[in-house]
Amino acid sequence: MNYQIVTEFPHPMMEKGKRPVISIYVDTHIKKPDRLENPIRFKNLVKEAQASLKEKEFKGFKDLFSLFKEMEEDALFWEGATESMAILGDEEECIVYKLPVNVKSLAIVSDSYYIKPILRSFQSYGHYHVLGLNRDNFILFEADRYGIKGIPVDQKDATMEGVLGTEKTAPHLSVASIGGDQSMYHGHGGAKDERKVDQEKFFRHVDTFILEQYSKTNKIPLILAGLDEHQGEFRKLSKNNYLIAEGIKIDVDALDKKTLHEKVQDVMNKLFEKELQERLDNFSAAHAKDLGSDDLVQIGRAIAEGKVATLYLEENTVHPGLFDPNLGSIRQGEIADPRVGDVYDDMAEVVLSRGGEVLILEKEYMPTESDVAAVYRY
């Protein structure tokens, strides 16, 4: 068995329905000398997972635990650590998420994967694409709050020359006689018009390419960086719903990566703060009209009835127990029991599966003193 480092969420492995499954989260330290302790932290968490399994279940996880041992001893695996890692596995498969956010170290064996920390990482614009657009070429970046890196794109897709090739618009000429054997050529559309037509064709290609190859798969915000004139033309024709309204109006070629990343962060921080405040205001308004609640029992029933539009959960909280998605009932339990998971995590999965939204927030940003809240559908 091998592990796979993934960026897709949710991952197909989560839909397999294998039971039980193992979720290990490691709060990794990325600076020396603390980072040298990361393999030991992981080893101790694996022991916790092993202790939660019954003997007959343990045998089925033999290959996975062998893989965990290899990961523990792999120096390169830990050299590439980010702020935290999520390691999820069943009897057949193992995936790893390298997360840019801090998480609480824990190991959970249950009937479904523990996903709240991954949700938090993928929300709040933890990851996003940056499209650096020029008139006749583009560059693409993947970024988070810790850095930005280029995504290689073949020249046949990233440049006007590669996209249009021999299909570039040529000036259309007509001939008029002016007497004798002399003729005058009239151009219908000068060089400026030709460039405009080609630019529109290229921009349409860029929009479709980014949408189909990246946005639909990753489902993360797209920030546009480029000169004002290019941004205006691109936005007029774009069909990418992940393209955010605020861009960076500057010549991308004139920026180094560090400066570009700083400008991108400014955009995303402002957007997140604005949308977060809107979410908090939404809860206050809904709560006043009995269309929102911070009572766990009421929220459980509303989830079962498909009434929850937005579920708010405090980060790093675990409510051991079982949640019945059909009845909305909650049964308390011990997290060490392999049949017991996190009620809040189970709630989040049900809300997402029914088209709702889940927000994982720091305690100070929760809309009430409770560690769970919800806004209902109207």
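Report follows, based on the coordinates. Remember, predicted model here, so these are calculated numbers, not experimental data. Throughout this document, residue positions are counted from 1 along each chain, in the order its sequence is written. This being a predicted model, a pLDDT of at least 70 is required before a residue's local features are given, and a value of 80 or more before pairs of side-chain atoms are given or counted; all residues contribute to the totals for chains, interfaces and linings. Based on all heavy atoms of the structure, the side-chain values leave hydrogens and waters out of the count.

### Regarding the packing of helix 11 (residues 296-304) against helix 12 (residues 343-353)
For the pair helix 11 and helix 12, interaxial distance at closest approach is 10 Å and the crossing angle is 30 degrees. Compared by their axis directions, helix 11 and helix 12 come out roughly parallel. The chirality of how helix 11 crosses helix 12 is left-handed. Judged by residue contacts, Leu-296, Gly-300 and Ile-303 of helix 11 engage Tyr-344, Met-347, Val-350 and Val-351 from helix 12. Residues were grouped as follows: Ala, Val, Leu, Ile, Met, Phe, Trp, Tyr, Cys and Pro as nonpolar; Asp, Glu, Lys and Arg as charged; and all remaining residues, including Gly, as polar. A breakdown of the residues in the contact of helix 11 with helix 12 according to their chemical character gives 6 nonpolar, 1 polar and no charged. Lines fitted to the C-alpha atoms define the axes, with helices restricted to the stretch that makes contact. Angles between their N-to-C directions range from 0 to 180 degrees. Secondary structure elements follow DSSP: runs of H or I no shorter than four residues count as helices, runs of E no shorter than two count as strands, and numbering proceeds from the N terminus. Any angle that is under 35 degrees is reported as roughly parallel, and any over 145 degrees as roughly antiparallel; angles of 65 to 115 degrees are reported as roughly perpendicular and all others as oblique. Handedness of each helix crossing follows the sense of rotation of the near helix against the far helix: counterclockwise by less than a right angle gives left-handed, clockwise gives right-handed. Residue contacts follow a heavy-atom distance rule, with two residues in contact if any of their heavy atoms lie within 4.5 Å.

### What to know about the pattern of salt bridges
When charged atoms on two side chains of opposite charge get close, those side chains can pair. We define a salt bridge as a contact between a side-chain nitrogen of Lys or Arg and a carboxyl oxygen of Asp or Glu at a distance within 4 Å. This structure, assessed with the given rule, holds 12 salt bridges. The salt bridge involving Lys-69 is made with Glu-72; its shortest N-O contact spans 3.7 Å. Of the two residues, Lys-69 and Glu-72 both sit in helix 3 (residues 62-73), 3 residues apart, roughly one turn of that helix. A 1.4 Å probe rolled over the protein chains alone gives each residue an accessible area, and that area as a share of the maximum for its type sets the label: buried under 20%, exposed over 50%, partly exposed in between. Of the residues examined, Lys-69 reaches a relative accessible area of 39% and is grouped as partly exposed. Glu-357 is the partner of Arg-279 in a salt bridge, and the nearest nitrogen-oxygen pair spans 2.5 Å. Highlighted residues: Arg-279 in helix 10 (residues 257-288) and Glu-357 in strand 18 (residues 357-361), separated in sequence by 78 residues. On the basis of relative accessibility, which here comes to 26%, the residue Glu-357 falls in the partly exposed class. Look at the salt bridges and you will find they share partners, linking Lys-69, Glu-72 and Glu-73 into a network.

### Quick word on the side chain of Asn-38
Position of Asn-38 among the secondary structure elements: in helix 1 (residues 38-52). The class for Asn-38 is buried, based on a relative accessible area of 0%. With sequence-adjacent residues up to four places away left out, Asn-38 is seen in contact with Asp-27, Thr-28, His-29 and Trp-78.

### Regarding unusual backbone geometry
Residue Pro-10 is reached from Phe-9 by a cis peptide bond, and omega for that bond is -5 degrees. Examined against the element boundaries, Pro-10 turns out to sit in the loop between strand 1 (3-5) and strand 2 (21-26). In this model, Lys-219 sits at a positive phi of 55 degrees, which is unusual for a non-glycine residue. Note on placement: Lys-219 falls in the loop between helix 8 (191-218) and strand 11 (222-226). Here the phi dihedral of Asn-316 falls at roughly 60 degrees; this positive angle occurs in a residue that is not glycine. Mapped onto the secondary structure, Asn-316 falls in the loop between strand 14 (308-314) and strand 15 (320-323). Judged by its relative accessible area of 41%, Asn-316 is partly exposed.

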